[in-house]
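Structure at a glance
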Amino acid sequence: PPWQRDWLAGQGAVRLILGDVEPTGGRRGGLPGALDAVRERAERALESGTGAPAAALLRGFVLGQDDLIADAVRDDFRRSGLAHLLAVSGQNVALLTVLAAPILALAGIPLRARLVILLALIAVYVPVAGAGPSIQRAGVMGAAGVLALAAGRPSSRWHALGLAAAATLGLDPRASADIGWQLSFAAVAGIGLLARPLARALGVVRGAGPLRRALAEGAALTLAATAATAPLIALHFGVVAVAAVPANLLVLPAVAPAMWLGMLAGAFGQIPGAPVEPLSWLGGLCAGYIAWVARVLGGRGAELDVGEPGPALVLAYALVLGLALALAA
């Protein structure tokens, strides 16, 4: 499609016409080969115990691999505004640390050692999940938060975001042309600016119950990220997903369990003979529910075609969205 051609041209891509291609059967060695092996064992674990469609979704949720997802399902996720779930991002790193921290604490590991292990888990997860620009950004920000905790210093979202920008652009100065990079940073900036006032507007006050607080905070994160990324999606793809907010709110209770069960299955899959089928089966149920929401809300009318807006129109979209959220708050 045109957006992808333009992006590839900006990356300096060239076209190669190949004759015969023969697989050599060789494998990478060293650290890259070890990470390949970790990824392959995780793939096998996620594919066991559940059907092929659910397994393909779990691979997308946990490892960012959407190659086995049917085109129709991928279109449902895109039109419903749930496509971000198929690409690993900051949500994955945050859920990984939230999952691992209490497990390490229950195991009796001292705090400093727990923080070192969390850093190691992030360092392994980022390349295993593909090391794309969005997961690189998430890895740097997650590591910065863990290091701040280890040093007994307050963490700063904006400091970590700037550090992530410097790190990702230092690794690849052209990363800013990547649409995933732009959406990832826009989502984090939107959450930093809008999530707290939206949460207050939705009822997160002193004395609020844990369920109400969790739902309000989850809704605020969804609204903030959706509002911040909608102008970029309109610019690059010429569409606005009108069902993005309700779809993300409906799948909110299932996203974390699907990710956690998939991560646990992938982790236990590193142990030969470990029974991972119950974990992948339960994760597949959560993935199936998310796919059902995407199918119901991702129909043909779920996207508003806005043509190919210029930067001025995109800025107008952003201002309108910001004004609407301010009035709602």
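What you are looking at is a predicted structure, and each value in this text was computed from that prediction instead of being measured.

Turning next to the nonpolar core. Ranked by size, the top nonpolar core spans 48 residues in total, and within it L57, F61, F77, L82, Y125 and I290 carry the most contacts. At the level of secondary structure, the elements contributing two or more residues to this core comprise α2 (30–47), α3 (52–63), α5 (90–106), α6 (111–128), α7 (133–151), α11 (244–268) and α12 (277–297). Of the residues forming this core, the biggest block, 10 residues, is contributed by α11. With residues near it in sequence (within four places) discarded, F77 still touches L57, F61, L82, A83, L86, I290, A291 and A294. One finds M141, A164, A175 and V188 within the second-largest nonpolar core, a separate group that totals 10 residues.

Moving on, we come to the pattern of salt bridges. The full count for this structure, using the stated rule, is 11 salt bridges. For R78, the salt bridge goes to D75, with nearest N and O atoms at 3.6 Å. Placement of the pair is R78 and D75 together in helix α4 (residues 71–79), with a separation of three residues, close to one helical turn. With relative accessibility at 39%, the residue R78 sits in the partly exposed group.

Moving on to the side chain of Q182. Mapped onto the elements of the fold, Q182 is located in helix α9 (residues 179–201). Engagement of the side chain of Q182 in a polar contact is seen with the backbone oxygen of S176, the distance being 2.9 Å. Every residue in contact with Q182, bar those within four places of it in the chain, is listed here: S176, A177, L232 and H236.

Within this model, the second largest pocket holds a volume of roughly 610 Å³. What lines the second largest pocket is a set of 22 residues, and nearest its centre among them are L96, L121, M263, G266 and A267. Among the elements that line the lining of the second largest pocket, the one with the most residues is α6, at six residues. Here the residues of the lining of the second largest pocket sort into 20 nonpolar, two polar and no charged.

Cut-off values and rules
Position labels on residues start from 1 in each chain and follow its written sequence. Local features in a predicted model are, by the rule used here, given only for residues with pLDDT of at least 70; side-chain atom pairs are given and counted only at 80 or more, and totals for whole chains, interfaces and linings are based on all residues. Where side-chain values are given, they derive from all heavy atoms of the structure, hydrogens and water being excluded. What is meant by a nonpolar core is a set of buried Ala, Val, Leu, Ile, Met, Phe, Trp, Tyr and Cys residues, joined one to another through side-chain atoms within 4.5 Å. Burial classes follow relative accessibility: with a 1.4 Å probe on protein chains only, a residue under 20% of its type's maximum area counts as buried, one over 50% as exposed, and anything between as partly exposed. Numbering of helices and strands starts at the N terminus; helices are DSSP runs of H or I of at least 4 residues and strands are runs of E of at least 2. In what follows, residue pairs with any heavy atoms lying within 4.5 Å of each other are defined as contacts. By convention in these notes, a salt bridge is any Lys or Arg side-chain nitrogen within 4 Å of a carboxyl oxygen on Asp or Glu. In protein, a polar contact requires one atom able to donate a hydrogen and another able to accept it; more generally it is a pair of N or O atoms within 3.5 Å, and residues adjacent in sequence count only if both atoms are side-chain atoms. A 1.4 Å probe that fits but cannot get out identifies a cavity on a 1 Å grid over protein atoms alone, an open set with protein on both sides within 12 Å along at least five of seven lines counts as a pocket, and a residue lines either if it has an atom within 4 Å of a point. Grid points are joined across faces, edges and corners, and a volume is the space filled by probe spheres set on the points. Any residue that is not Ala, Val, Leu, Ile, Met, Phe, Trp, Tyr, Cys, Pro, Asp, Glu, Lys or Arg is counted as polar, Gly included; the first ten are nonpolar and the last four charged.

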